[in-house]
Amino acid sequence: MSVAYIALGSNVGDRLAYLRSGKDKLARIGDLIAISPVYDTEPVGMAEGDCFLNAAISICTELKPEELLSKYLDIERTNGRLRSYRNAPRTLDIDLLLYDDLIVNTPRLKLPHPRMHERAFVLAPLADIAPAMLHPTLRKPMQELLDCCPPQEVTRTNYSL
């Protein structure tokens, strides 16, 4: 069994319902370990779209990283995710951030997620569930990476998954 840390985001429609759907479907392919609070965040690198709701979860899974990637892409599609252009608004965005301390660099999958250390909207929820976890290549804990992250509007909400 391995532990996967996964980011969830949505900026279209009923954002909270999409996050909950993603969490529920991911919980069917692994044992849910932790769920972060939900954050309201400004979009980064997007020319259009509403604010995001973001969260992070961790699951214990027997799936290999590539298998997990395929499963979560299916979950995105079943929740109406369209990839019409890069950084398009999305009903549900799921990203595999970490998988144990594995380092993967293939055309299809990169672990740890290559930009996670630059994104407060990823690090804030991740630091809530794994503050002391070390980034596999930077060898710094998630909370320290968040503290050093470029500023971004990231606000904890009262929503829960």
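Residues numbered from 1 in each chain as written. Predicted model: local features only at pLDDT ≥ 70, side-chain atom pairs only at ≥ 80, totals over all residues. Heavy atoms only, no water.

Comments concerning the overall build of the protein chain
- When helices and strands are counted, the protein chain shows four helices and eight strands.
- Counting from the amino terminus, helix and strand elements in the protein chain follow one another as β-α-β-β-β-α-β-β-β-α-α-β.
- Seen through its principal axes, the protein chain has C-alpha atoms that stretch 35 × 35 × 30 Å.
- Taken across its 161 residues, the protein chain has 47% of its residues classed as buried.
- Counting contacts in the protein chain only where the partners sit at least 6 residues apart, residues at least 24 apart contribute 68% of the total.
- Carbon and sulfur atoms form 50% of the exposed surface of the protein chain, whose accessible area is close to 8000 Å².
- Side-chain charges in the protein chain split into 19 positive and 21 negative, and the spacing between the mean points of these groups amounts to 4 Å. (Helix = DSSP H or I, 4+ residues; strand = E, 2+ residues; numbered from the N terminus. Buried < 20%, exposed > 50% of the residue type's maximum accessible area, 1.4 Å probe, protein only. Contact = heavy atoms within 4.5 Å. Areas by Shrake-Rupley, 256 points an atom, 1.4 Å probe, with all protein chains shown as cover. Lys, Arg positive; Asp, Glu negative; His and termini not counted. Charge placed at Lys NZ, Arg CZ, Asp CG, Glu CD.)

Thoughts on the pairing of strand β5 (residues 93–99)
- Most of β5 sits out of view: six of its seven residues are buried.
- As paired strands, strand β1 (residues 2–10) and β5 are joined by six bridges and run antiparallel to one another. Counted as the bridge partner of Gly9 is Asp93 from β5. (Pairing = 2+ DSSP bridges.)

Brief notes about the pattern of salt bridges
- Summed over all chains, the structure comprises six salt bridges.
- One salt bridge in this structure joins Arg90 and Asp93, with 3.5 Å as the shortest N-O distance. (Salt bridge = Lys/Arg side-chain N within 4 Å of Asp/Glu carboxyl O.)

A short note on the packing of helix α1 (residues 15–27) against helix α2 (residues 65–78)
- Running from N to C, α1 and α2 cross one another at 145°; their axes reach a closest spacing of 10 Å. As α1 packs across α2, the resulting crossing turns out to be right-handed. Taken together, the residues of α2 that come into contact with α1 (itself represented by Gly22, Lys25 and Leu26) are Tyr72, Ile75 and Thr78.
- Of the residues in the contact of α1 with α2, the class split is three nonpolar, two polar and one charged. (Axes fitted to C-alpha atoms, helices over the stretch in contact; angles between N-to-C directions. Left-handed = near helix turned anticlockwise from the far one by under 90°. Nonpolar A, V, L, I, M, F, W, Y, C, P; charged D, E, K, R; others polar.)

A look at the state of the cysteines
- Scanning all chains against the criterion turns up zero disulfides.
- Cysteine Cys51 remains unbridged, with the sulfur of Cys149 as its closest cysteine sulfur at 17 Å.
- A disulfide-free cysteine, Cys149 has its sulfur positioned 8.8 Å from the sulfur of Cys148, the nearest such atom.
- Classification of Cys149 by relative accessible area gives buried; the value is 12%. (Disulfide = S-S within 2.5 Å.)

Some points on the nonpolar core
- If you look at the biggest cluster of nonpolar residues, it comprises 25 residues, and the most contacted ones within it are Ile6, Leu8, Leu26, Leu68, Ile94 and Leu96.
- Examining the composition of this core, we find that five residues originate from one element, α2, more than from any other.
- Leave out the neighbours within four places in its chain, and Leu68 touches Ala4, Ile6, Ile29, Ile59, Thr61, Leu63, Leu96 and Tyr99. (Core = buried A, V, L, I, M, F, W, Y, C linked by side-chain atoms within 4.5 Å.)

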